[in-house]
Amino acid sequence: MDRSKFGFYVLSAFVFLFAIVIMGINSTYSINGANTYKWDVAFSSVDVSTNTIKEYSNPKVDLESTSLSGMNFEVDSAGDSITYKINVLNKGSVDAKISKVYVDYSCNNKEECNDLEYTLTYEDGSLVERDDLLNLNTGKTMFLNFKYNGSINDEKLIVDNIKLFVNYIER
């Protein structure tokens, strides 16, 4: 074999092995905490911000989810309302968007319950809807408002088992 061809093959093999070693080292060190995938979208706080209702429960927040349950209140008269202020944070490494919004509740009087209205809005008054974005390292404030527009007959209207679920997915 020609000496120049042998030298070329040895040099090529050395360059090839060197490239593999360097790529291995770079891939090992390039994966760190800043580059890893992290999902962290959750409600950070929930408070009753405004209300004309005297009897209500303060919701408890699971700082690892975007759902609330166990809230309840009693309506005494027409026009009574309550608003829950909900802060949601995206501390993850990816943008999130809403895939589903679910609100449910039950009442002790089904007829009177038909006159109970609710809205879920942002601070600017716009409705919380599917495909709304929550960029990484940001937060938004939502307001869940219940208002009773009917008349109370003999007993108080008890609204209980209130559930709110805002499902976020990766954008």
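Computed from a prediction, not measured in an experiment: that's the story for all the values here. Throughout this document, residue positions are counted from 1 along each chain, in the order its sequence is written. With pLDDT at 70 or above as the cut-off, local features in this predicted model cover only qualifying residues; side-chain atom pairs require 80 or more to be listed or tallied, and sums for whole chains, interfaces and linings still use all residues. To get the side-chain values, all heavy atoms of the structure are used, and hydrogens and water are removed first.

Peer 1: Would you mind going over the state of the cysteines with me for this structure?
Peer 2: Put plainly, a disulfide is one covalent bond tying together the sulfur atoms of two cysteines. Criterion for a disulfide: a pair of cysteine sulfur atoms at a distance within 2.5 Å. Summed over the entire model, instances satisfying the criterion amount to 1 disulfide. Bridging Cys107 to Cys113, the disulfide has an S-S length of 2.1 Å. Here the disulfide of Cys107 and Cys113 is right-handed, its torsion about the S-S bond being about 50°. An identical accessibility class is assigned to Cys107 and Cys113; each is buried. Only protein chains enter the accessibility calculation, which uses a 1.4 Å probe; a residue whose area is less than 20% of its type maximum is buried, one above 50% is exposed, and one in between is partly exposed.

Peer 1: Sorry if this is basic, but what is going on with the confidence of the model for the protein chain here?
Peer 2: In the predicted model, the protein chain carries a mean pLDDT of 87, and the fraction of residues at 70 or more is 88%. The pLDDT score gives, residue by residue, the confidence of the prediction method on a 0 to 100 scale. Strands are runs of DSSP state E lasting at least 2 residues, helices are runs of H or I lasting at least 4, and numbering of each runs from the N terminus. The secondary structure element of the protein chain with the lowest average pLDDT is helix α1 (residues 3–30), at 67, and the one with the highest is strand β6 (residues 133–134), at 98.

Peer 1: What's the story with the environment of Leu63 in this structure? I'm lost.
Peer 2: One can find Leu63 in the loop between β1 (41–51) and β2 (67–75). Leu63 sits 23 residues away from Asp40 along the chain, and the two C-alpha atoms are 9.8 Å apart. Residue contacts follow a heavy-atom distance rule, with two residues in contact if any of their heavy atoms lie within 4.5 Å. With residues near it in sequence (within four places) discarded, Leu63 still touches Ala42, Phe43 and Ser44.

Peer 1: Would you explain the environment of Ile169 in this entry?
Peer 2: Within the secondary structure layout, Ile169 lies in strand β8 (residues 157–170). With 128 residues separating them along the chain, Ile169 and Val41 place their C-alpha atoms 9.2 Å apart.

Peer 1: Would you take a moment to explain the pairing of strand β3 (residues 81–90) for this structure?
Peer 2: For a regular strand, side chains alternate in direction, first toward one face of the sheet and then toward the other. Within β3, 8 of the 10 residues are buried, which leaves it mostly tucked inside the rest of the structure. Across 10 bridges, β3 lies against strand β7 (residues 138–148) in antiparallel orientation. Bridge pairing links Asn87 to Thr141 in β7. Whether two strands pair comes down to DSSP finding at least two bridges between them.

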